[in-house]
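Residue strings, one per chain:
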Amino acid sequence: MEKITEKLLLERGSPKTNKLEQIKTLNLSKLGLKSQDLPVKLLSRLQSLERWDLSGNRLQEMPKNLELPALRFLDLSDNQMEDVTTLESLSSLEELKMEDNLYITVSDNYKLMVLLSKLRIYSGKDVSTTANHLRYVYTENLRTRIIAVWEKNFCLPDPITAEKMTALEESFVNTARQQVKFGPSSVSDFTKWRVEIIAKEYLRSLTDPKEESESTVSTDTKENCDVSTPSKRKQTASVMDTSIRLTPHKKLRSDLPASPVAESPRKSSRQLQTLTETNTVRMSPRKKSQPPSTPTRGQMKAETPRRGSKGQQTKDEDGAQIKQKNRAELKRDADMLSTMKSCSKTQPVCLKPLHVLQCHSKQDSSEDFSTQLWACAFQPMPDSTGTGGGSRLVATCGGDSLCVIDCETGMVMKKYKVPGEEFFSLAWSTVLMSRGGGASAQHCSILAAGGKRGLVKLIHPRNNVAYGEFRASRKALSVLRFNHHQGNFLFTGSYDNKIVMWDIGGVDSQYNFKVVQLLVLELSATPLHICLPPTSPSSHLLTACEDGLYCFNTQLGTNNSAKRSDEMEITFPIYKKEDKDHDYHTIDGLSFLTDDIVASKNYMHGSIYLWSWSRTKAQRPDRKDRTVCAVVLAELQWANTEIPYLALNTCPGRAYIVCGDDKGRLWTYHVTDLQKNRLQTGTPIPPTEVLEWPTPVRKGLGQVEGPSINSVVMDPELRFLVALSDKNMVTVWKREESS
């Protein structure tokens, strides 16, 4: 104690330091200190301390609950540390030195990486990758197994009392510690420690008091339960409307890494970057651009003449052939874009904000701006193909709930929630419902949704019935997609790097159904988007992943359950510009604009590519790595941001592409305008219009700043556009009819 006081007085006596609260660096090395020599009251005054050297002492643990909010560096090397959990309160630590502590095990190292959420450098090594794996991937695997133990062996007591819950917790935790096996035996101590923490957290999540006006749905395999229909909300003149009955949602963390699966496998962890604009955003109509002077990367590969066996051609002959081929391909590209005029309106639409809703809030709170919303889709009108349009009902998901919203009125027509779930994706389809008694089957629209728990929920919204569920993966589901030509075929993508094709069949009048697994596609990274070519949805599948864009053959053969790897990888010109600080391989936007033209977006690349599916597919994949270069038709200018997973979408009927940014704005592209500019591969083409964030006003709190737009969707006629944000806001835009 005396040695510490002397050191602190020396620091305080320096010309730059007048108070203990201002000390930023402290060296207490080689003073022979023991744990009891570190007084909490004295040290807790060091609120500005950033670097602390405690090396060469005899410390066995740190004082518990010692909070030093500015501490970034701590040297505990050459001590006798045993209990590393006492470091948990030092939540801002980024670098920790623990060399020469005889009693520290691998399990202790793992505990530190989980307890210290900002730890990057450990004993001189960058442990970011290992730490993120432990915090999210490893944790999610344990959580899945723990939930399985609960669902198999336990249930909540009735009635719930403190004594019963204490006994239940002890029994559940002990059983989980015994039965949950994961990871190498060398870290079994860490695994049991982590299992105990997660099991207690999970049990608490089941018993937290919630004010619920909607019906709660259990997770039984077969269920006939109602989807709640909230009462009508009051119509107000304000854009921001929070009078809808809302449901609670578990708070998301804000420090997760690029691909976590413990809380939100998406992007809740991204640190927001300042958006840097390179041009004026409102540019409608756009100025004409000049045609490109050089072919795309894909064209260059295709245009390289083969070597002949009858002698070398002259340079003039080669040049003439290349120019002729260039002209032919440029004309084909221009014709491809111009044909869109015949199937879409030629004038840009005018969209105005109509509603901003907070229908996924936790605890019915209008103060909830943390629940992230991930996916939305318009209901198709039931018909034989499942591709009909005209509905003004849109489904949205985020947190533990799904909502079905009437875009015209802004009313939440249905609400469905699963406590403990976090929904990441949903999809509509049309299946047959048999009515029995000899009556003919009828088509009905169903909604499938999935997320963190790896379960697919099946809902019949019209009859307010959530009629069933099935487990698609032991890990979180990242994306769902139905085959639009065969509505009972569902693809699920998950964080175990797989896409599975299911036949969910139809339903009978009693909502009996059967699910059959048809195909498993093996990937090398998490799938983010699934696209089926409009003209051949049963033979090919495109999937945008965290490490690239891949094509699979999905035709069913004699061995339907066989696992398949990708048929080819589609690469993009931006890959050439990659370096140690820029990896453009994550494809976080993908959608077909026509039967052949695809719009895609590469993370960190401030542009959107338009490319030809048929011409790209026609190339022969490289035999070594099975790659082909996308035949790029045009490049559209988009926002400069490092926020990932801001998905684009298309409206083929109106020839529109829309993508939100991290400021709440919507970048819109009327593709018939691109034909006027011909093919642009050198300079990106500006957007037709950028719709500014409508800045809704909360009573007494002022304007709500623009959030990141995670997802957008348009109905087939572009009467409505719906955008979802990472701050619990659903924005509905409506097309204004021209006079």
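Look above for the structure.
About the thresholds
- Residues numbered from 1 in each chain as written.
- Predicted model: local features only at pLDDT ≥ 70, side-chain atom pairs only at ≥ 80, totals over all residues.
- Heavy atoms only, no water.
- Pairing = 2+ DSSP bridges.
- Helix = DSSP H or I, 4+ residues; strand = E, 2+ residues; numbered from the N terminus.
- Axes fitted to C-alpha atoms, helices over the stretch in contact; angles between N-to-C directions.
- Salt bridge = Lys/Arg side-chain N within 4 Å of Asp/Glu carboxyl O.
- Buried < 20%, exposed > 50% of the residue type's maximum accessible area, 1.4 Å probe, protein only.
- Phe/Tyr/Trp six-rings, centres within 6.5 Å; stacked < 30°, edge-to-face > 60°.
- Lys NZ or Arg CZ within 6 Å of the ring centre and 35° of its normal.
- Contact = heavy atoms within 4.5 Å.
- Parallel < 35°, antiparallel > 145°, perpendicular 65-115°, else oblique.
- Left-handed = near helix turned anticlockwise from the far one by under 90°.
- Nonpolar A, V, L, I, M, F, W, Y, C, P; charged D, E, K, R; others polar.
- Patch = residues over 30% accessible without salt bridge, like charges linked within 9 Å, V, L, I, M, F, W, Y side chains within 5 Å.
- Areas by Shrake-Rupley, 256 points an atom, 1.4 Å probe, with all protein chains shown as cover.
- Core = buried A, V, L, I, M, F, W, Y, C linked by side-chain atoms within 4.5 Å.

Caption draft 1: Highlighting the sheet that holds strand β12 (residues 401-406). With antiparallel pairing, 4 strands are arranged side by side in an open sheet as β10-β11-β12-β13. Looking at which strands have only one partner, the edges of the open sheet turn out to be β10 (373-378) and β13 (411-417). Averaged over neighbouring strand pairs, the angle between their axes works out to 20° when direction is ignored. Direction of pairing for β12 relative to β13: antiparallel, over a ladder of 6 bridges. Bridging from a neighbouring strand, Asp-406 pairs with Met-411 of β13.

Caption draft 2: Main features of the pattern of salt bridges. Applying the stated rule across the entire model yields 15 salt bridges. As a salt-bridge pair, Arg-453 and Glu-151 come within 3.2 Å of each other at their nearest N and O atoms. Of this pair, Arg-453 sits in the loop between β15 (442-451) and β16 (455-460) while Glu-151 sits in helix α4 (residues 128-153), placing them 302 residues apart in sequence. Accessibility expressed as a relative area gives 10% for Arg-453, which makes it buried. A relative accessible area of 39% means that Glu-151 is categorised as partly exposed.

Caption draft 3: Layout of the packing of aromatic side chains. According to the stated counting rule, one finds 16 aromatic pairs in the structure shown. One aromatic cluster is present, built from ring pairs that chain together Tyr-110, Tyr-138, Phe-182, Phe-190 and Trp-193. In this structure, Arg-51 is placed above the aromatic ring of Phe-73, and the distance from its NZ or CZ to the ring centre is 3.9 Å.

Caption draft 4: Structural detail: helix α3 (residues 106-115). For α3, a buried count of 7 out of 10 residues is recorded, marking the element as mostly surrounded by other parts of the structure. Regarding α3, the residues found buried are Ser-107, Asp-108, Lys-111, Leu-112, Met-113, Val-114 and Leu-115. Next to the buried residues of α3 lie β4 (95-97), β5 (121-122), α4 and α6 (188-207).

Caption draft 5: Molecular detail of the packing of helix α5 (residues 162-179) against α6. Two numbers describe how α5 lies on α6: the axes approach to 9 Å, and their chain directions differ by 140°. Of the possible angle classes, the one that applies to α5 and α6 is oblique. For the element pair α5 and α6, the recorded crossing hand is right-handed. Listed contacts from α6 to Met-165, Leu-168, Glu-169, Phe-172, Val-173, Ala-176 and Arg-177 of α5 are Lys-192, Trp-193, Val-195, Glu-196, Ala-199, Lys-200, Tyr-202, Leu-203 and Thr-207.

Caption draft 6: Representation of the packing of α4 against α6 in the model. In the contact formed by α4 and α6, the axes pass within 9 Å of each other and the chain directions differ by 60°. The two elements α4 and α6 meet at a crossing, and its hand is right-handed. Facing α4, whose interface residues are Leu-134, Tyr-138, Thr-139, Leu-142, Arg-143, Ile-146, Ile-147 and Trp-150, α6 presents Phe-190, Thr-191, Arg-194, Val-195, Ile-198, Ala-199, Tyr-202, Leu-203 and Leu-206. Residues belonging to the contact of α4 with α6 are distributed by class as follows: 13 nonpolar, 2 polar and 2 charged.

Caption draft 7: Focus on the side chain of Thr-492. With respect to the element layout, Thr-492 can be found in strand β19 (residues 486-494). For Thr-492, a relative accessible area of 1% gives the class buried. What Thr-492 contacts, discounting residues up to four positions off in sequence, is Val-456, Ala-472, Leu-477, Val-479, Leu-480, Lys-498, Ile-499, Val-500 and Trp-502.

Caption draft 8: Structural context of a nonpolar patch on the surface. A cluster of nonpolar side chains, Leu-156, Ile-160 and Leu-206, forms an exposed patch at the surface whose accessible area comes to about 220 Å². Along the polypeptide, Leu-156 turns up in the loop between α4 and α5.

Caption draft 9: Structural context of the sheet that holds strand β30 (residues 627-629). The strand order β22-β23-β24-β26-β30 describes an open sheet built from 5 strands, whose pairing is mixed. Taken across any chain shown, the strands that pair with only one partner, and hence form the sheet edges, are β22 (527-531) and β30. Sheet twist, expressed as the mean angle between neighbouring strand axes with direction ignored, is 30°. Examined bridge by bridge, strand β26 (residues 568-571) and β30 share 3 bridges and lie parallel to one another. Looking at β30, one finds that Ile-570 is bridged to Val-628.

Caption draft 10: View of the environment of Glu-21. Relative to the assigned elements, Glu-21 resides in the loop between α1 (2-12) and β1 (25-27). Take Glu-21: its relative accessible area is 31%, and that puts it in the partly exposed class. For the pair formed by Glu-21 and Leu-46, sequence separation is 25 residues and the distance between their alpha carbons is 4.8 Å.

Caption draft 11: Region of the structure containing unusual backbone geometry. The peptide bond linking Asp-158 to Pro-159 adopts the cis configuration, its omega dihedral lying at 0°. With respect to the element layout, Pro-159 can be found in the loop between α4 and α5. Located in the positive-phi region is Ala-655, a residue other than glycine, with phi close to 55°. Locating Ala-655 in the fold gives a position in the loop between β32 (648-651) and β33 (656-660). Although it is not a glycine, Asn-728 sits at a positive phi angle of roughly 60°. As for its placement among the helices and strands, Asn-728 is situated in the loop between β40 (720-725) and β41 (730-736).

Caption draft 12: Structural view of the pairing of β12. Along β12, 6 of the 6 residues are buried, which leaves the element largely enclosed by surrounding structure. Residues Ser-401, Cys-403 and Ile-405 line one face of β12 and the alternating positions Leu-402, Val-404 and Asp-406 line the opposite face, and both faces are buried. Direction of pairing for strand β11 (residues 393-398) relative to β12: antiparallel, over a ladder of 6 bridges. Its bridge partner being in β12, Leu-393 is matched across the sheet by Asp-406. The loop that links β11 with its antiparallel partner β12 comprises 2 residues; one of these, Gly-399, has a positive phi angle of about 65°. What sits between β12 and β13 in their antiparallel hairpin is a turn of 4 residues, with Gly-410 showing a positive phi close to 75°.

Caption draft 13: Examining the pairing of strand β31 (residues 631-637) more closely. Most of β31 is tucked away: 7 of the 7 residues are buried. Pairing of strand β29 (residues 607-612) with β31, which is carried by 6 bridges, proceeds in the antiparallel orientation. Residue pairing for β31: Ile-608 is matched across the bridge by Leu-636.

Caption draft 14: Seen up close, the nonpolar core. Of all hydrophobic cores here, the largest spans 59 residues; its most connected members are Trp-52, Leu-54, Met-62, Leu-74, Leu-76 and Leu-96. For this core, the secondary structure elements donating two or more residues are α2 (40-43), α3, α4, α5 and α6. Residues Leu-458, Phe-470, Leu-480 and Leu-490 belong to the second largest nonpolar core, which totals 22 residues.

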